[in-house]
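Inside the fold
Now for the letters of each chain:
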Amino acid sequence: QVQLVESGGGSVEAGGSLRLSCAASTHTIITYAMGWFRQAPGREREFVGAVSRSTSGTLYADALKGRFTVSSGNDRNAVYLQMNSLKPEDTAVYYCAAVTSLWQTDYYQAGSYDIWGQGTQVTVAS
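Presented here is a report on the structure given in the accompanying data block. (Residues numbered from 1 in each chain as written. Predicted model: local features only at pLDDT ≥ 70, side-chain atom pairs only at ≥ 80, totals over all residues. Heavy atoms only, no water.)

Side note on the pattern of salt bridges
In total, this model carries four salt bridges according to the counting rule given. Across the salt bridge formed by Asp-90 and Arg-38, the nearest N and O atoms sit 2.9 Å from each other. Note that Asp-90 is positioned in the loop between β8 (78-83) and β9 (92-99) and Arg-38 in strand β4 (residues 33-39), a separation of 52 residues in sequence. Here Asp-90 falls in the buried class, since its relative accessible area comes to 0%. One salt bridge in this structure joins Lys-65 and Asp-62, with 3.4 Å as the shortest N-O distance. Residue classification places Asp-62 among the exposed residues on the basis of a relative accessible area of 64%. (Salt bridge = Lys/Arg side-chain N within 4 Å of Asp/Glu carboxyl O. Helix = DSSP H or I, 4+ residues; strand = E, 2+ residues; numbered from the N terminus. Buried < 20%, exposed > 50% of the residue type's maximum accessible area, 1.4 Å probe, protein only.)

What follows is the structure, encoded as structure tokens:
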């Protein structure tokens, strides 16, 4: 069973930065995209950003462009999320996810992702 292992969450003051990491437990899977979602208490899970393997491009939620950066480096089965200028409203559980189906191409939608990490808490204090 393939797992996604996240790390890097924690607490930070407003204006600070955090970097989240996520890696698959095996390199035997093929991922077509890897992305990040977040879920705050009482709110639905929302898209943060993703890396597309087919285009080598990155996608972002409009509201987070400029502050958050998604990257994958040289490892196709790893993804990183650099978060700068953090705000209290960024407080949430952040989830890493992977698309392993060639036919799921809407990387903004959680339903396209079939492998999920356990989530890592990010808390931004005001």
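On we go from here.
Points about the packing of aromatic side chains
By the definition in use, this model includes six aromatic pairs. A centroid spacing of 5.5 Å and a plane angle of 75 degrees characterise the contact between Phe-37 and Phe-47, whose relative ring orientation is edge-to-face. Of the two residues, Phe-37 is situated in strand β4 and Phe-47 in strand β5 (residues 46-52); the sequence distance between them amounts to ten residues. Both residues of the pair, Phe-37 and Phe-47, count as buried. Among the aromatic residues, ring-to-ring pairing joins Phe-37, Phe-47, Tyr-95, Tyr-108, Tyr-113 and Trp-116 into one connected group. Over the face of the ring belonging to Tyr-95 we find Arg-45, whose NZ or CZ atom lies 3.9 Å from the ring centre. (Phe/Tyr/Trp six-rings, centres within 6.5 Å; stacked < 30°, edge-to-face > 60°. Lys NZ or Arg CZ within 6 Å of the ring centre and 35° of its normal.)

Let's talk about the sheet that holds β8
On the basis of which strands lie adjacent, the open sheet formed by four strands has the order β1-β3-β8-β7 and antiparallel pairing. Where the open sheet ends on each side, the last strands, each with one partner, are β1 (4-7) and β7 (68-71). Strand-to-strand, the axes of this sheet are offset by a mean angle of 15 degrees, without reference to chain direction. Relative to β8, β7 is paired through four bridges, and the arrangement is antiparallel. Bridge pairing links Val-70 to Leu-81 in β8. (Pairing = 2+ DSSP bridges. Axes fitted to C-alpha atoms, helices over the stretch in contact; angles between N-to-C directions.)

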